[in-house]
Amino acid sequence: MLKSQDWSKDETDYLMGLVKDFDLRWPVIWDRYEYTPAPPPQTNNETNGDSQALVPAGENKQRSMEDLKTRYYEVASKMMAVHRPVQYMSQAEFSLHQMMSSFDPDQERRRKRFAEASMGRSLEEKKEEE
């Protein structure tokens, strides 16, 4: 149920560990997020020294805060539905489930850009708006 083309199980586990450690404080989670995938296993030829090729370690994917939130909310909403099917959820649980399952990273990015633009207004622009 939790498979993703863009996220491995190890990376998802790493994210969930950070979420638990930092209690959903997304700026801190994003700041501390430094997942490095494990290198692929070596074959017998490589362990005997027969191979001249170097196997690069997995690439670090740059994840935005919205990417992290999207994966967390996706996993959390699915796990919530596993533990208590939607038809048996209370109103509060159902509202939380709906919020998590409908998280839109693009809308979050637009909201942040709008907030940054609002905070960067000059005094004249603020007076004009009033």
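Since we're looking at a predicted model, the values are computed, not measured. Within each chain, residue numbers correspond to sequence positions counted from 1 in written order. Reporting of local features is limited, given that this is a predicted model, to residues whose pLDDT is at least 70; pairs of side-chain atoms are given and counted only at 80 or more, and all residues count toward the totals for whole chains, interfaces and linings. Side-chain numbers come from the whole structure's heavy atoms, not from hydrogens or water.

## Structural notes on the overall build of the chain
In terms of helices and strands, the chain carries seven helices and zero strands. Runs of E in the DSSP output that reach at least two residues are strands. Runs of H or I that reach at least four are helices, and both are numbered from the N terminus. When the elements of the chain are put in sequence order from the N terminus, they spell out α-α-α-α-α-α-α. Remark: exposure states derive from per-residue accessible area (1.4 Å probe, protein chains only) relative to the maximum for the residue type, with buried under 20%, exposed over 50%, and partly exposed in between. Residue burial in the chain is summarised as follows: out of 130 residues, 21% are buried. Any two residues having at least one pair of non-hydrogen atoms within 4.5 Å are treated as being in contact. In the chain, 60% of the contacts between residues at least 6 apart in sequence involve partners at least 24 apart. Each accessible area is a Shrake-Rupley estimate made with a 1.4 Å probe; only the visible protein chains count as cover when residues are assessed. When the accessible surface of the chain is summed, it comes to about 10,100 Å², and 52% of that surface belongs to carbon and sulfur atoms.

## Some details on the environment of I29
Mapping I29 onto the fold places it in helix α2 (residues 26-32). Sequence spacing of I29 and V19 is ten residues, and the spatial spacing of their C-alpha atoms is 6.6 Å. Sequence-distant contacts of I29, that is, excluding residues within four places in its chain, are made with L15, L18, V19, F22, L24 and L68.

## Description of the pattern of salt bridges
Every case where a carboxyl oxygen of Asp or Glu lies within 4 Å of a side-chain nitrogen of Lys or Arg is listed as a salt bridge. Under the defined criterion, the tally for this structure stands at 14 salt bridges. A salt bridge links R32 to D31; the nearest nitrogen and oxygen atoms lie 2.8 Å apart. Each of D6, E11, K61 and R63 takes part in a single network of salt bridges with overlapping partners.

## A few points about the packing of helix α4 (residues 65-83) against helix α6 (residues 105-119)
One can describe the packing of α4 onto α6 by two numbers: an axis separation of 10 Å at closest approach and a directional angle of 140 degrees. Considering the relative orientation of α4 and α6, their crossing is right-handed. Of α6, the residues touching α4 (which contributes M65, E66, D67, K69 and T70) are P105, E108, R109 and K112. Under the scheme applied here, ten amino acids are nonpolar (Ala, Val, Leu, Ile, Met, Phe, Trp, Tyr, Cys and Pro), four are charged (Asp, Glu, Lys and Arg), and all others, including Gly, are polar. Of the residues contributing to the contact of α4 with α6, the split by class is two nonpolar, one polar and six charged. Only the stretch in contact is used when a helix axis is fitted, and all axes are lines through C-alpha atoms; the angle between N-to-C directions ranges over 0 to 180 degrees. Helix crossings are classified by the rotation of the near helix relative to the far one: an anticlockwise turn of less than a right angle makes the crossing left-handed, while a clockwise turn makes it right-handed.

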